[in-house]
Structure formats: C-alpha cells, structure tokens
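Each chain, letter by letter, is given below.
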Amino acid sequence: MQQVVDKLPLAAPEEADHDADPASPALTLIENVIRAPWRFLEELDGPDLLPKVRTLLATIAIAAGAFGAVVGTFRGGVQVLYCAVKMPMLLLGTLLVCVPAFVSIARALGVAISPRDVAAVTLGACARYALVLAGLSPVVWLLEGWLGYHGVALVTTACCALGGLASSTLIFRGLSRRGGAGRWAGLAFVAVYSVVGAQTAWLLRPFLVRPRTEHVPFVRHLEGDLFGSVGVTMRSAAGVYERDRDPAPAASPALEPALPMTTASPAEPQAPAQTETP
Amino acid sequence: MTATILSGRSLSRDLATGILGSAVFGVAAAAGHSPRSMLQGAWVAPALFVGGAALATPPLYLLGALSGGRTSVAGTLASTSRSLAAASTALLGLSAPALYLSVTMRTDTGQGVLLLASVVVGAAGIAAVLRERLQAERTDAARLAAVAWCAFALMLGARLISSLGRTAGMFGGA
C-alpha cells in the first residue's frame, strides 16, 4: 500500500502537463500524421472523428497555404495571396473528386474498409502531403533567391514529388492493414489522385510566375492539358520548337524562353513573361 | 433448388451492377463532348464490359472442361459475373473523376486517359478471374488453360475496343 502511495506523486505531474496544454490532442494528431502514421491510423479507428477531420482540414489549409504563399513570393504581390488560396484548393478539390473512386475501388478489391475510413485515411494523407510541403517551403524560399525561373520550377516539382511520396506511404499503410488487395488499392488510389491532381493543377495555374510579369490572373482560361504540354516541353528540350505555339529561344538569360509545358496561345503575346508550372 | 434461385439472384444482381456501373462511367466519360456522345457512352461502355464478359465466358468454361478442370458452368458464370460486378463497382466510383476529366480536358489526351482507365479496370477484372481459376484448379493443364484464356480475353477486349471505337466512338472520340 505504501508503495502505491509513494508512486502517486509521480503520476501527478504527467496529468498536470496534459492540463497545461489544452491544444495537445490536435497537435498530437498532427505530429502523428508526420512522425507516427501507424498511431494516426489507430486514432482514426476511435470515436469522435469529426474533431479530427476538422483538425486535418485546418492543417491542410494552413500548411498548403504556407507553401503556396512561398511559391507565390517568386513573383510577389497578389500572387502570394493567389497561391496561398490555390494550393489548399488543389489538394482538397482533388480529394473531393477522387473520394467516390477510392471508395468503389476499395470495395471492388475487397478491402475491408468503410467509406468513412477511406475518407479519413485519404484526408490524413493529404494533411501529410501539406505538412511535408510546409516543411520544405523554407528550402524553396531560400533557393528562390539563388535560382532562376526554371530552377525554382524544378525545386517546386521536387517538393511536390516528395510530398506525394510521403502521403502515399500513409495510404499504403492504411490500406494494407485492412486485408484484401490493400496494396493494389493503394496503387490505384495514388494513380487516380495523381491524374486528377495534375489536371486540377493545370486548371488552377499559374502558380510560379516570373517576377517581371505585370498582370497575373487567378486562373487561366481552359485550354489544352498538362500531359500535352509535357509532350511539347520534351520536344522543346530536344530542340524541336513549334513556332506557332512556342516563342523562340532568347539570347539573354533575362529573356529566357517560356517553359514549353506552359505554352501560351497566340492571343497572349506576352507569353514568355507569363509562364508558370503547376 | 434454393441454391439455384440464390445463384440466379446473385447473377442478376451482378449483371445489373455491371450494366449500371459501366453505363454511368460511359456517360460521365463522354460528358464533356455532346449529349449524343453521352448517349453513345451509355451503351458503348456496357457493350465493352458486359459484352466482353459474355463473350469471354463460354471459352473459359470450354477450356477448363477440355483441360480436365474442376469448375462447373455455374462456377464459371459466378466467377465472371463477380469479376464484372467488381469492375463495374470500380467504374461507378471512377465516374466522378471521369466526369471531371471529360469536362475539363477536352483533348485527345483526355480521351486517352479515360480509355486507359477502362483498359486497366478491364484487365484487372480478367486478372481476378484468372487468379480465382488458378487457385481452384489442381492440374497443370487446367492452369495452363486458364492462362491461355487470360491471353484470349485480353485480345478480345482489344478487339472490342477497336470495333466499338470505329463504329460508335469511345467516350466522345471519333
């Protein structure tokens, strides 16, 4: 009995620590998304999913918004705001379009997961994506001072690829513990999200804009698609330019040609100054 | 008798799921083009998936029977109809992204992406039937016959896509 009493003071400070930090459940959830995905997945199995969903949505809005704002600082001005708004729209909009497909793919492949859990796991993966992007945004900001437009475009793309990889691992982990063809379902989720996300990014362009661009629209009008643009980029990289669509390479580094993947229509004569990457 | 009725109900349900799922996907995939294309999509996609399953089932049974396989007619029908229902469930869910891509990506690439999605789902359905047969059969000859059927089913799918594409157009394409 005495031993039990002796132990009591040891337990008290721990409780006091929890009481002193009322925001800890949300912060714990966010930390688990990054540091301990398995613990995050276990938390999703519990009751009271709504507060967790709210936390994840807020995380995506803030973290992706921060990364977008940093990308927008390459041009500055209103583009900072535009990108900060568009980046969370990109992640959440893509998820919204994809969730019905995720649910049906999981069901078709016999993965024992409810639609509610599919939505929660993929929302968690989106939050992880956003957190990785937010974590890398200082790197992007630092490199923006050293690199030109093309360099920053590559760095931004690399950050997105890294974020995608991190979020994919959470999806694979979340599905493989449910049995069935969980890994195949994860692969399908990633494929569907990648295609829809690429198109959403194309619709929401421009993200990265050259500093000397005078007018930046929130979004461009609907034309072409990302995949066609990548083809033009590859041809241009090989030295094959389509003069009707691509501007000729300029001699001065300050007037370097537009990224072909972002070719402008003939109706936009200032195309070299308005290029961007999704 | 009861088992037969239940099996019949299950078959009808799978068939209905097959028609509904693929028809909704076909309409969604052609939504960015014209109402006529949507109508075409409503029958072209079921023709591809349900028609393909119907055409591939008799050779599956025949090859199994001639190679000393164990699966009965009812088992063969159940296997293909389950696979059709699963593929169509996936297509039903993929209708949302298909609608989105069809409306926002009105290029050849867009049609290519949607066609690729159909091909992947169809191939996954064929692979599911093959896996089931490989697990069920005991002899090498029957397993070899199942693999041969898989190759046949893939070629049949390619032929159907080609024919439907030429005659009616796939997902708003010419």
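The structure presented is a predicted model; accordingly, all values stated were derived computationally and were not measured.

On to the overall build of chain A, then. A tally of regular secondary structure across chain A gives nine helices and zero strands. When the 278 residues of chain A are sorted by exposure, 46% land in the buried category. Of the contacts made within chain A by residues no fewer than 6 positions apart, 70% connect residues no fewer than 24 positions apart. Counting only carbon and sulfur atoms, one obtains 68% of the accessible surface of chain A, whose full area is about 13600 Å².

As a further point, take the overall build of chain B. Helices and strands together make up the secondary structure of chain B, namely five helices and zero strands. Moving toward the C terminus, one meets the helices and strands of chain B in the order α-α-α-α-α. Rg of the C-alpha trace for chain B: 17 Å, near the compact-globule value of 16 Å for 174 residues, within the 12% margin. A buried classification covers 45% of the 174 residues belonging to chain B. Of all intrachain contacts in chain B linking residues separated by at least 6 positions in sequence, the fraction that spans at least 24 positions is 77%. Positive and negative charge centroids in chain B, built from 12 and 5 side chains respectively, lie 5 Å apart.

A word on the side chain of Thr76(B). Residues and elements named next belong to chain B. Structurally, Thr 76 is set in helix α3 (residues 73-104). Of the residues examined, Thr 76 reaches a relative accessible area of 1% and is grouped as buried. Not counting residues up to four positions away in its chain, the partners in contact with Thr 76 are Thr 57, Leu 60, Tyr 61, Thr 71 and Arg 133.

Residue and element names in this part refer to chain B. This prediction gives chain B a mean pLDDT of 88; 93% of its residues lie at or above 70. The secondary-structure element of chain B with the lowest mean pLDDT is helix α1 (residues 2-29), recorded at 81, while α3 shows the highest, at 93. Every residue in residues 1-6 scores below 50 in pLDDT, and together they form zero contacts with partners more than four places removed in sequence or on other chains. Note on the complex model: pTM 0.76, ipTM 0.78.

Here we take up a nonpolar patch on the surface. A surface patch of nonpolar side chains, amounting to about 460 Å² of accessible area, comprises Val78(A), Leu81(A), Val85(A), Met89(A), Phe218(A) and Val219(A). Looking at the element boundaries, Phe218(A) is found in the loop between α8 (182-203) and α9 (226-237).

The next point concerns the packing of helix α2 (residues 24-35) of chain A against helix α3 (residues 37-45) of chain A. Residues and elements named next belong to chain A. One can describe the packing of α2 onto α3 by two numbers: an axis separation of 6 Å at closest approach and a directional angle of 130 degrees. The angle between α2 and α3 places the two elements in the oblique class. On the side of α2, the interface is formed by Leu 29, Asn 32, Val 33, Ile 34 and Arg 35, while α3 contributes Pro 37, Trp 38, Arg 39, Phe 40 and Glu 43. Residue classes in the contact of α2 with α3 are distributed as six nonpolar, one polar and three charged.

With 16 residues of chain B in contact, the opposing surface of chain A contributes 18 residues. Summing both partners gives a buried area of about 1400 Å² for chain B against chain A, and 76% of it is carried by carbon and sulfur. Three residues stand out in chain B for area buried against chain A, namely Tyr100(B), Thr104(B) and Met105(B), and they jointly supply 33% of the buried area on that side. Where chain B touches chain A, the interface holds zero salt bridges.

All names here are of chain A. All told, the structure shown has five salt bridges over all chains when counted by the stated rule. For Glu 31, the salt bridge goes to Arg 35, with nearest N and O atoms at 3.0 Å. Placement of the pair is Glu 31 and Arg 35 together in helix α2, with a separation of four residues, close to one helical turn. Between Asp 117 and Arg 116 there is a salt bridge, with the nearest N and O atoms lying 2.7 Å from each other. Overall, Asp 117 belongs to the buried group, its relative accessible area being 8%. For Arg 116, a relative accessible area of 40% puts it in the partly exposed group.

This next bit is on the packing of helix α2 (residues 35-66) of chain B against helix α4 (residues 108-136) of chain B. All names here are of chain B. Two numbers describe how α2 lies on α4: the axes approach to 12 Å, and their chain directions differ by 25 degrees. The orientation of α2 relative to α4 falls into the category roughly parallel. Where α2 crosses over α4, the two elements pack in a sense that is right-handed. Where α2 approaches α4, its residues Phe 49, Leu 60 and Gly 64 are matched on the opposing element by Ser 118, Val 121, Gly 122, Val 129 and Arg 133.

Rules used throughout
- Residues numbered from 1 in each chain as written.
- Chains lettered and ligands numbered in written order.
- Predicted model: local features only at pLDDT ≥ 70, side-chain atom pairs only at ≥ 80, totals over all residues.
- Heavy atoms only, no water.
- Helix = DSSP H or I, 4+ residues; strand = E, 2+ residues; numbered from the N terminus.
- Buried < 20%, exposed > 50% of the residue type's maximum accessible area, 1.4 Å probe, protein only.
- Contact = heavy atoms within 4.5 Å.
- Areas by Shrake-Rupley, 256 points an atom, 1.4 Å probe, with all protein chains shown as cover.
- Rg over C-alpha atoms; globule rule 2.2 N^0.38 Å.
- Lys, Arg positive; Asp, Glu negative; His and termini not counted.
- Charge placed at Lys NZ, Arg CZ, Asp CG, Glu CD.
- pLDDT = per-residue confidence, 0-100.
- Patch = residues over 30% accessible without salt bridge, like charges linked within 9 Å, V, L, I, M, F, W, Y side chains within 5 Å.
- Salt bridge = Lys/Arg side-chain N within 4 Å of Asp/Glu carboxyl O.
- Axes fitted to C-alpha atoms, helices over the stretch in contact; angles between N-to-C directions.
- Parallel < 35°, antiparallel > 145°, perpendicular 65-115°, else oblique.
- Nonpolar A, V, L, I, M, F, W, Y, C, P; charged D, E, K, R; others polar.
- Buried area = accessible area lost by both parts, 1.4 Å probe.
- Left-handed = near helix turned anticlockwise from the far one by under 90°.

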